[in-house]
Amino acid sequence: MQIAVISGSPKGEMSVTLQYVRFLEEAFPEHTFSVVHAGRDIRSIERQGEAWKRLLATVAESDGVLWATPVYVMLVPAQLKRFIELVGERNAGDAFSGKYAACLTTSIHYFDHTAHAYLHGICDDLAMRYVGFCSAHMEDLRKEAFQEQLVLFFSDFLEAIAERRPVQREFPPLPASPAPYARTTPPAVVETRGKRVVILHDAEPGSGLAAMVGGLAACYGDSVRVAHIRDAAMKGACLGCCRCAFENTCVYDDGFLAFWEEYVAPADILVMAGTVRDRFLSAAWKQFFDRSFASGHIPAFKRKQVAYLVDGPLGHLATLREVLTGLAVMEGANLAGIVTGEPGGEIDAALHALAERSVRLSERGYVAPATFPAVAGHKVFRDEIWGGMRAIFKADDRYYRQHGLYDFPTRDYQQRIITRATSLAMAIPSVRRDVVKKMPSHMIRPLEKAIESSRVLAERRSEQ
Ligand SMILES: Cc1cc2nc3c(=O)[nH]c(=O)nc-3n(C[C@H](O)[C@H](O)[C@H](O)COP(=O)(O)O)c2cc1C
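Residues numbered from 1 in each chain as written. Predicted model: local features only at pLDDT ≥ 70, side-chain atom pairs only at ≥ 80, totals over all residues. Heavy atoms only, no water.

Within an unreviewed UniProt entry, the label attached to the chain reads Putative flavoprotein, and the organism entered is Methanoculleus chikugoensis.

Asks: Help me understand the site of the ligand in this model?
Replies: As a structural note, the neighbourhood of the ligand is formed by 20 residues, with Ser 9, Ser 15, Val 16, Thr 17 and Thr 106 the closest of them. Relative to its unbound accessible surface of 640 Å², the ligand loses 94% to contact with the protein. Where the shell around the ligand is concerned, the elements lending two or more residues are α1 (16-27) and β4 (100-107). Residue composition of the shell around the ligand, by class: 11 nonpolar, 7 polar and 2 charged. Here the shell around the ligand spans two domains, since at least three of its residues come from each of domain 1 (2-163) and domain 2 (197-368). (Near = heavy atom within 4 Å. Areas by Shrake-Rupley, 256 points an atom, 1.4 Å probe, with all protein chains shown as cover. Helix = DSSP H or I, 4+ residues; strand = E, 2+ residues; numbered from the N terminus. Nonpolar A, V, L, I, M, F, W, Y, C, P; charged D, E, K, R; others polar. Domains from an automatic or database assignment.)

Asks: Sorry if this is basic, but what is going on with the pattern of salt bridges here?
Replies: Any two side chains of opposite charge can pair, on the condition that their charged atoms come close. One pass over the full model with this rule turns up 27 salt bridges. Here Glu 13 makes a salt bridge to Arg 22, at a shortest N to O gap of 2.9 Å. Among the residues examined, Arg 22 registers a relative accessible area of 26% and is labelled partly exposed. Residues Glu 85 and Arg 82 are paired through a salt bridge, measuring 2.9 Å at the closest nitrogen-oxygen approach. Here Glu 85 pairs with Arg 82, and both are found in helix α4 (residues 78-89), just 3 residues apart, close to one helical turn. Overall, the relative accessible area of 7% leaves Glu 85 in the buried class. Each of Glu 46, Lys 81, Arg 82, Glu 85, Glu 89, Arg 277 and Asp 278 takes part in one network of salt bridges that share partners. (Salt bridge = Lys/Arg side-chain N within 4 Å of Asp/Glu carboxyl O. Buried < 20%, exposed > 50% of the residue type's maximum accessible area, 1.4 Å probe, protein only.)

Written out as structure tokens, the structure is:
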């Protein structure tokens, strides 16, 4: 069979993910693999008609398409995102329609599921027959047990093609774009109380997003700063070279860092506004997110209020919502809210409420306690950095040490003694019987002190 591999890595032949494809090529010599370097060659693909035609022919002539890509900032690299946008812009869906598809990623398993869900949705939109995915840790290929699983994954993909296996669509089509948002009520200005408010956007003039940005900016009054991410003057997308790892210094010498320092770093309230392109924000926004990788795995939005304006069908895009939420909370921010331009959303009122709430929460210093993505994400980073990456990611290592982020439970010696003692006590049948009987009260006893202190705090508040 003829397999078209769409490689998303900007590193081309040096891609870690591509080595997994090379492994498959050796394991299945009876099949032919043609690699389209969508990530590496995105510029020529954009500019040269010949490159585009060749690439489409490779896909059209194939029996199946394997998307082989690294996970970059919870999704695919900006370059692959742009490639997918081009397929839509140039009405090139016919080459993909009806093809069997599968997805192979490498990553450190941090939000790999959102990258897969995105690609699955794209395949559904292109009327491809999505068979499944293989999510590899970037070092898995060394392990024999993984190699066996990779072979099984690919065998299943080939069998699906050979059998013409029926495949159901998982992600419903997105609704048609409604009329763009236009303000209907005059804005009421919110007192920003010295908080620095920044709105970053990628709006086209006259678009619904431009109206939303203008509407929100009007709510914040004169103290807001509004900037188009185009003004970051990025010379290109992240190259995945990881040369930033040592000192958080990017190889690009362009306007990104200065833009970041001017707008993102000082903001107390940071609003990011974008229009949905296919199933995510634009490739330009994705490029912005990918380039922020140069700051390493440290919480770049610590204690900020972060909010989003999304012009598009966010209600149908759970993955986009998950990524936007994940981006905010993983960077240490509080998610103050997301306003969408979807019809029926009382957008004027929602923009005003967002402005008011973000200022109030910023004043109070509220950051919502972490839920699973941020708790799990921290542990993945902590273990990966300490477990090996710190040899190269020196800046991360320094930050993790200085900020107590290497918070392994093995280092909590007091807790270890308590756990050991409790465990030994549980070996005594009478103690164990007593604990089992009174389990609920044992669980809440340590919390009683906190409730008492709350009473004291309430009394103090009423005295003030
Ligand atoms: C800019 C950038 C962003 C990344 N973001 C993620 C991520 O969100 N989740 C993850 O698990 N790994 C992430 N990684 C790690 C890569 O997915 C991993 O190193 C991958 O194996 C690189 O594959 P490649 O050599 O094919 O490009 C990121 C790496 C880079 C350079």
